[in-house]
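Structural overview
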Amino acid sequence: MIELHHHFKRANGYSELEISQKRSALEDVLVPETLAVHRQRLREAGFSSVDVWFQCFNFASLIAIK
């Protein structure tokens, strides 16, 4: 997925330096977590029902009800 995204950026005029700088800026900031971790965090915050209502590739939207 990462290489595909970099190819997309190159095709849209981003330089290798720009791609590299953006990747360095985001490393250890946008840390991917599993759905299980998100669900647990929401339950710990007091939500009794947590479900995925939309998922496409590696993106998901959750709905949580107290």
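Heads up: these notes are all about the structure in this document. None of the values given here were measured: they were computed from a predicted structure. (Residues numbered from 1 in each chain as written. Predicted model: local features only at pLDDT ≥ 70, side-chain atom pairs only at ≥ 80, totals over all residues. Heavy atoms only, no water.)

For the rest of this paragraph, the subject is the overall build of the protein. Across its full length, the protein carries three helices and two strands. Shown N-terminal to C-terminal, the secondary structure of the protein runs as helices and strands in the order α-α-α-β-β. Over its C-alpha atoms the protein spans a radius of gyration of 17 Å, topping by over 25% the 11 Å that the globule rule assigns to 66 residues. Principal axes of the C-alpha set define a box for the protein whose edges measure 45 × 20 × 15 Å. Counting all 66 residues of the protein, 6% fall into the buried class. (Helix = DSSP H or I, 4+ residues; strand = E, 2+ residues; numbered from the N terminus. Rg over C-alpha atoms; globule rule 2.2 N^0.38 Å. Buried < 20%, exposed > 50% of the residue type's maximum accessible area, 1.4 Å probe, protein only.)

The next thing to look at is the pattern of salt bridges. Overall, the coordinates contain four salt bridges when judged by the stated rule. For Glu 16, the salt bridge is made with Arg 10, and the minimal N-O distance between the two is 2.4 Å. In this structure, the salt-bridge partner of Glu 33 is Arg 41, at a minimum N-O distance of 2.8 Å. A relative accessible area of 38% places Glu 33 in the partly exposed class. Using a relative accessible area of 41% as the deciding quantity, one classes Arg 41 as partly exposed. (Salt bridge = Lys/Arg side-chain N within 4 Å of Asp/Glu carboxyl O.)

This paragraph deals with the pairing of strand β2 (residues 59-65). Across seven bridges, strand β1 (residues 49-56) lies against β2 in antiparallel orientation. Residue pairing for β2: Asp 51 is matched across the bridge by Ile 63. Once β1 ends, the chain turns through two residues before running back antiparallel as β2, passing Phe 57 with a positive phi of about 55°. (Pairing = 2+ DSSP bridges.)

Once that is clear, we can look at the packing of aromatic side chains. Counted according to the given criterion, the structure contains one aromatic pair. For the ring pair Trp 53 and Phe 54, a centre distance of 6.3 Å and an interplane angle of 50° mean the geometry is tilted. When the ring centre of Tyr 14 is taken as origin, the NZ or CZ atom of Lys 9, which lies over that ring, is 5.9 Å away. Taking NZ or CZ as reference, Lys 66 lies 5.2 Å from the ring centre of Phe 47, over its face. (Phe/Tyr/Trp six-rings, centres within 6.5 Å; stacked < 30°, edge-to-face > 60°. Lys NZ or Arg CZ within 6 Å of the ring centre and 35° of its normal.)

Everything listed here is a matter of coordinates, which is why it stays silent on function.
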